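A structural walkthrough
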Amino acid sequence: MTDYKPIPCEDYARYEAWILCGQRLRLAWRDERGETHLEQVRPLDLQTRNHAEYLVMQRSGGGRVALRLDKIVKAQEA
């Protein structure tokens, strides 16, 4: 089992809309050590695995990563 905490449906729907529109985001999240990151990203997809939901995103440096949605602190259009 996982310690994932589901996000509100409204937030999930916003991520879906941003992906469909190709909207870049200013995203703040906490990593597994509790450190906060702030970066401009391009959301690509939403995935579910191991009972947790993830945002697949293109980072500003070019790499693709999957970020657990409950680790995101703030997301806004860039």
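Look a little higher up for the structure.
Report follows, based on the coordinates. None of the values given here were measured: they were computed from a predicted structure.

Cut-off values and rules
Residues numbered from 1 in each chain as written. Predicted model: local features only at pLDDT ≥ 70, side-chain atom pairs only at ≥ 80, totals over all residues. Heavy atoms only, no water. Helix = DSSP H or I, 4+ residues; strand = E, 2+ residues; numbered from the N terminus. Rg over C-alpha atoms; globule rule 2.2 N^0.38 Å. Contact = heavy atoms within 4.5 Å. Areas by Shrake-Rupley, 256 points an atom, 1.4 Å probe, with all protein chains shown as cover. Expected span 1.5 Å × (residues − 1). Pairing = 2+ DSSP bridges. Axes fitted to C-alpha atoms, helices over the stretch in contact; angles between N-to-C directions.

Some details on the overall build of the protein chain
Broken down by element type, the protein chain carries 1 helix and 5 strands. Listed N to C, the secondary structure of the protein chain is α-β-β-β-β-β in terms of helices and strands. Its C-alpha atoms give the protein chain a radius of gyration of 12 Å, near enough to 12 Å, the size a compact globule of 78 residues would have. Structurally, the protein chain occupies a C-alpha span of about 35 × 25 × 20 Å along its principal axes. Here the contacts in the protein chain between residues at least 6 apart in sequence split such that 47% fall between residues at least 24 apart. Element-wise, carbon and sulfur atoms account for 47% of the exposed surface of the protein chain, whose accessible area totals about 5,100 Å².

Looking at helix α1 (residues 9-21)
An α-helix turns once per 3.6 residues; consequently, residues spaced three or four apart project the same way. In a regular helix each residue adds 1.5 Å, so 13 residues correspond to 18 Å; α1 covers 18 Å between its end C-alpha atoms and thus fits that length. In the segment just after α1, Gly22 is the residue with positive phi, at about 70°.

Quick look at the environment of Asn50
Relative to the assigned elements, Asn50 resides in the loop between β2 (36-49) and β3 (52-58). The sequence separation of Asn50 and Lys74 amounts to 24 residues, and the corresponding C-alpha distance is 23 Å.

What to know about unusual backbone geometry
Of note, the phi angle at Asn50 is positive, near 50°, even though the residue is not glycine. For His51, which is not glycine, the phi dihedral falls at a positive 65°. Mapped onto the elements, His51 comes out in the loop between β2 and β3.

Some details on the environment of Pro8
Secondary-structure assignment places Pro8 in the segment before α1. Sequence separation between Pro8 and Asp70 is 62 residues; the distance between their C-alpha atoms is 9.8 Å.

Let's talk about the sheet that holds β3
Spatially, β4-β3-β2-β1-β5 is the arrangement adopted by the 5 strands of the open sheet, whose pairing is antiparallel. Edge positions in the sheet fall to β4 (64-68) and β5 (72-77), since each has one partner strand and no second. Strand-to-strand twist across the sheet, computed as the mean angle between neighbouring axes with direction ignored, equals 45°. As paired elements, β2 and β3 share 7 bridges and run antiparallel to each other. Looking across to β3, one finds that Thr48 is bridged to Glu53. α1 contacts β1 (25-30), β2, β3 and β5 of the sheet and is inclined by roughly 95° relative to β2.

Without other data, these values stay purely geometric and don't point to any function.
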